[in-house]
Amino acid sequence: MADGREQFLRTVRQALGRDQAATPPPKSGEADGESSIRDRASEIQREAEDNADALMSRLHEAATEAGWNVTRVASPAEAADHILRVVQDLEARSIVRSAHDVLDALALDEGMARAGVSMTLAAIGDMATEGQRQEQRASIRESCISADVGLTGVDHAIAETGSVVLLPRRGVSRLVSLLPPVHVAVVRRGQVLPGLDELFALQRLDHIEGDLGSYLNIITGPSRSADIEHTLVTGVHGPGEVHMVLLG
Amino acid sequence: MRPDTKNFKRGAAKALGNERIQANLLGLYNGFDRARLAAADGTPDWELMREQARAIKAHTIDNLDYYLELAASNVEKAGGTVFFAKDADAAAGYVTDLALARGVKLVIKGKSMVSEEMSLNERLTDAGIEPVETDLGEYIIQLAGETPYHIIAPAIHKSREEVTDLFEAKLNSPRYEEITELAAEARRQLRDKFIRADMGITGANFIVAETGTVALVTNEGNGRMCTSMPRIHVAITGMEKIIPSMDDLGIFLRLLIRSATGQRISSYVTTVTGPRHADDEDGPDEFHLVIVDNGRSRLLADPELRESLYCIRCGACLNACPVYRKVGGHAYGWVYPGPIGAIVTPVMTNLADAKDLPFASSLCGACREACPVKINIPRMLLHLRKEVTEGRKYPTERNRSVLEALAMRLWRLSLSSPAALSIANSVARVLQKPLLRKGRIRWLPPPLSGWTPSRTFPAFVRPFRQRWRG
Ligand code: SF4
């Protein structure tokens, strides 16, 4: 099919009253040099470390308001105990989890096995051939469809809005935090950003470094709808129950 | 969606006479409008953000050709495909052909007002493809065979009993009493569709030109499903949805979400940059962005109306509007109702048919007050009223008859100097003779005939100056 791009752009230009493409003056940061993007990003990372405690507390408050069940723990062992308790309270039989490092550190396997809960890692093996990858992809999807709980780390959290941010990629499936009816997210100290602007500033850094992912999710509380009579219901399509574990 | 804009008065009367709809519409005020005010109050620098957002939009729209090209080239760099559609038909054709070419049987859709412009569901169905709306409100509307009532809350006019009746009739479901049960039924019904679908279609709240990223704001999670589960994702968007940089996204997300529902942020904000990367665990193999004009360039071309393209479709002006809150969404007869709809609908469809819309306002200014990008809606409504009374016709100037153009030119010329006016007046006094009754003109010949079906036109008399001179 012929792409009407040229004609389309010509129409736009005519409507704007010119016959040549515009080269607009720099505006709203778009012409920022790479070095200023880098500087801003390192400043943000430094502040996230320096203010880690205060940011954790602000996140705790905002996330609670946004409908998360928030628990702050001091050690990985405590985090593991808490997660196990959540899973048992739910009488969950199966968990699917992402390959975030923080979850490896929790060493959940044994506890889950003892509780009779099966835990599946939603990640394609390193050595997989293309054929195997296809198969594994299908089986990850099946695990996410049938799991009672999805467990993830996070890539960032946002104090302003009480959100976690997931950047799906290798080891981080899009579906783990979406398909199961319950999502549990573990936030590490130092991962909390003050606001949305800082998140997008870091995304710009990824962009200029050629690392921008295909996907990003900012998740804030449970899935919601107020489409019938303006009455809030949770758990429409996405998880209806969400837990945030603040570690450190 | 075929415009049905001629019957505003009838549609309005129907809604006004329906107690149930009136009761349901109260929620717009009690729910959305008050929540917006509270959210604005609780946001530091709200007013500053509105100013900034307006300035960013003004800059982007004034340089839209540049940003469109930048966005398209960045989507392509990320591995996506971009299609520029001059109108609804071209856009629907592209999506339908793509679906057919890829052997798509089932399409899941997120909320997209632009797809309503395209009557996309009809087109897909005609091609033997099953489209399923997955936003709860849109799902209800699709089952009911209706069109959205509100750009944010499509089924806001329906009570829970009506939804219960609908689910019983269409899904054979039990008679649920609770809204939670109705939502759970929709979740069950749609889960299977998400799993089986080959293509997901969504709108786009923003397109970030700098990175070629599409941003989606959702609450239910269906938008995430549509962008994650099927092997093809198509995002459809109006060409005005562009913002220059990732740096602008924070401001616009805050303004959009807080103005739309009063939430600090929606449950989900999702950004999509191209299809999945080779080593991603999942996500679509193909990503297509369809950028649609469909009459927007006419808004762009008119300096008086250009700022209507700053709209971020938050719905706040609908919720704030005393007229919308009474006459509801269907009276406006097309995709975009309420104050902003009264501006864009006549220009995007046909001013002659939609001529009542610019008058469906008390010009109280509540819409402008509510608008997060400070669009001066009342000024544009006045402008369109003038266009209606002058008999101007959209879609295009070219559609205007030669005769009409000539008449308008003469009219303007006649006003340009006292001498010209006096000559024109003398000519008109002679020409009007056969049409006169009781000193009023009962019927004007085309192109001025729009004046006279419901009112008379004052006769041309000897001007005061001539009479005074004797
Ligand atoms: S005109 Fe303003 S208030 Fe109305 S929908 Fe658009 S952005 Fe929102």
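See the structure printed just above.
So, a few notes on the structure that sits alongside this text.

Of the regular secondary structure elements, chain A holds 8 helices and 12 strands. Within chain A, buried positions represent 53% of all 248 residues. For chain A, restricting intrachain contacts to residue pairs at least 6 apart in sequence, the fraction spanning at least 24 positions comes to 76%. Carbon and sulfur atoms form 46% of the exposed surface of chain A, whose accessible area is close to 10600 Å². Between the mean site of the 24 positive side-chain charges and the mean site of the 37 negative ones, chain A shows a separation of 4 Å.

Our next topic: the pairing of strand 12 (residues 241-247) of chain A. One face of the sheet, then the other: side chains in a regular strand alternate in exactly this way. Residues and elements named next belong to chain A. Here strand 12 lies mainly inside the structure; 6 of its 7 residues are buried. As judged from the 7 bridges shared by strand 7 (residues 182-188) and strand 12, these two strands associate in the parallel manner. Residue pairing in the sheet places Val 182 in a bridge with Glu 241 of strand 12.

Each full turn of the α-helix corresponds to 3.6 residues, which orients residues three or four apart in the same direction. In this model, helix 10 (residues 179-196) of chain B (18 residues) spans 26 Å end to end at C-alpha, consistent with the 26 Å of a helix rising 1.5 Å per residue. Taken as a whole, helix 10 of chain B has its buried residues at Ile179(B), Leu182(B), Ala183(B), Glu185(B), Ala186(B), Arg187(B), Leu190(B), Arg191(B), Lys193(B) and Phe194(B).

Taken together, the neighbourhood of the ligand is formed by 13 residues, with Cys311(B), Cys314(B), Gly315(B), Cys317(B) and Cys371(B) sitting nearest. Split into classes, the residues belonging to the shell around the ligand amount to 11 nonpolar, 1 polar and 1 charged.

Moving on, we come to the pattern of salt bridges. With the rule as written, the count across this model stands at 48 salt bridges over all chains. Its salt-bridge partner being Arg97(A), residue Asp104(A) comes within 3.0 Å of it at the nearest N-O pair. Residue classification places Asp104(A) among the partly exposed residues on the basis of a relative accessible area of 46%. As a salt-bridge pair, Lys9(B) and Asp356(B) come within 3.8 Å of each other at their nearest N and O atoms. With Lys9(B) in helix 1 (residues 8-16) and Asp356(B) in the loop between helix 16 (338-348) and helix 17 (366-370), the pair connects residues that are 347 residues apart, well separated along the chain.

Strand pairing in a sheet takes place through backbone hydrogen bonds and is either antiparallel or parallel in direction. All names here are of chain A. Taken in spatial order, the 6 strands make up an open sheet running 1-12-7-4-2-3, and their pairing is parallel. In the strand order of this sheet, the two ends are held by strand 1 (69-73) and strand 3 (118-121), each with one partner. Geometrically, the sheet is characterised by an average inter-axis angle of 20° between neighbouring strands, direction not taken into account. In the packing of helix 3 (residues 52-65) onto the sheet, the strands contacted are strand 1, strand 7 and strand 12, and the crossing angle to strand 1 comes to about 155°.

Chain A puts 80 residues into the contact, and the matching count from chain B is 104 residues. Carbon and sulfur atoms make up 55% of the surface buried where chain A meets chain B, a total of about 7500 Å² over both sides. Scanning the region where chain A abuts chain B turns up 11 salt bridges. Across the pair Glu76(B) and Arg5(A) runs a salt bridge, and its minimum N-O distance is 2.7 Å. Counting the contacts that link chain A with chain B gives 50 residue pairs in polar contact (both at pLDDT 80 or more). Among the elements of the structure, helix 1 (5-16), helix 3, helix 7 (130-146), helix 8 (196-208), strand 9 (215-219) and strand 10 (224-225) of chain A are those that each provide at least two residues to the side of chain A that touches chain B. Among the elements that make up the side of chain A that touches chain B, the one with the highest residue count is helix 1 of chain A (8 residues). The residue makeup of the side of chain A that touches chain B, split by class, is 36 nonpolar, 23 polar and 21 charged.

With respect to the helices, strands and loops of the structure, Pro222(A) is situated in the loop between strand 9 and strand 10. For the pair Pro222(A) and Ala15(A), spaced 207 residues apart in the sequence, the C-alpha separation amounts to 44 Å. Not counting residues within four places of it along the chain, the set of residues in contact with Pro222(A) comprises Ala66(A), Gly67(A), Thr234(A), Pro239(A), Gly240(A), Val242(A), Ser267(B) and Tyr268(B).

This part takes up the sheet that holds strand 7 (residues 232-238) of chain B. Pairing in this open sheet of 6 strands is parallel, and the strands run 1-10-7-4-2-3 (chain B) from one edge to the other. The open sheet has two free edges, formed respectively by strand 1 (81-85) and strand 3 (130-133) of chain B, since each of these has just one partner strand. On average, adjacent strands in this sheet sit at an angle of 20° to one another, irrespective of strand direction. Here strand 2 (residues 106-109) of chain B pairs with strand 4 (residues 199-202) of chain B via 3 bridges, running parallel. If you follow Ile108(B) over to strand 4 of chain B, its bridge partner there is Gly200(B). Where helix 1 of chain A meets the sheet, it contacts strand 1 and strand 10 (286-292) of chain B, and its direction lies at approximately 55° from that of strand 1 of chain B.

A separate point is the side chain of Asp198(B). Mapped onto the elements, Asp198(B) comes out in the loop between helix 10 and strand 4. Non-local contacts of Asp198(B), meaning those with residues more than four positions away in its chain, are made with Val104(B), Lys105(B), Leu106(B), Pro230(B), Arg231(B) and Ile232(B).

Next up on the list: the layout of surface pockets. Taken as a whole, the second largest pocket encloses approximately 1100 Å³ of empty space. Lining of the second largest pocket is provided by 49 residues; of these, Ile152(B), Val217(B), Asn219(B), Thr261(B) and Gln263(B) occupy positions nearest its centre. Those elements that place two or more of their residues in the lining of the second largest pocket are helix 3 and strand 10 of chain A together with helix 2 (19-41), helix 6 (113-117), strand 6 (213-218), helix 11 (222-228), strand 7 and helix 12 (249-260) of chain B. Looking at side-chain class alone, the lining of the second largest pocket contains 20 nonpolar, 18 polar and 11 charged residues.

When two helices pack together, their arrangement is given by the angle between the helix axes and the distance between those axes. All names here are of chain B. At a minimum axis separation of 10 Å, helix 9 (residues 160-171) and helix 10 run at an interaxial angle of 35°. Read as a crossing pair, helix 9 and helix 10 show a hand that is left-handed. Contact with helix 9, carried on its side by Arg 160, Val 163, Thr 164, Phe 167 and Leu 171, involves Ile 179, Leu 182, Glu 185, Ala 186 and Gln 189 of helix 10 and no other residues of that element. Grouping the amino acids of the contact of helix 9 with helix 10 by side-chain chemistry returns 6 nonpolar, 2 polar and 2 charged.

Thresholds, definitions, all that
- Residues numbered from 1 in each chain as written.
- Chains lettered and ligands numbered in written order.
- Predicted model: local features only at pLDDT ≥ 70, side-chain atom pairs only at ≥ 80, totals over all residues.
- Heavy atoms only, no water.
- Helix = DSSP H or I, 4+ residues; strand = E, 2+ residues; numbered from the N terminus.
- Buried < 20%, exposed > 50% of the residue type's maximum accessible area, 1.4 Å probe, protein only.
- Contact = heavy atoms within 4.5 Å.
- Areas by Shrake-Rupley, 256 points an atom, 1.4 Å probe, with all protein chains shown as cover.
- Lys, Arg positive; Asp, Glu negative; His and termini not counted.
- Charge placed at Lys NZ, Arg CZ, Asp CG, Glu CD.
- Pairing = 2+ DSSP bridges.
- Expected span 1.5 Å × (residues − 1).
- Near = heavy atom within 4 Å.
- Nonpolar A, V, L, I, M, F, W, Y, C, P; charged D, E, K, R; others polar.
- Salt bridge = Lys/Arg side-chain N within 4 Å of Asp/Glu carboxyl O.
- Axes fitted to C-alpha atoms, helices over the stretch in contact; angles between N-to-C directions.
- Buried area = accessible area lost by both parts, 1.4 Å probe.
- Polar contact = N/O pair within 3.5 Å; in protein donor to acceptor, adjacent residues only side chain to side chain.
- 1 Å grid on protein atoms, 1.4 Å probe; cavity = no way out; pocket = protein on both sides within 12 Å on 5 of 7 lines; lining within 4 Å.
- Points joined across faces, edges and corners; volume = space filled by probe spheres on them.
- Left-handed = near helix turned anticlockwise from the far one by under 90°.

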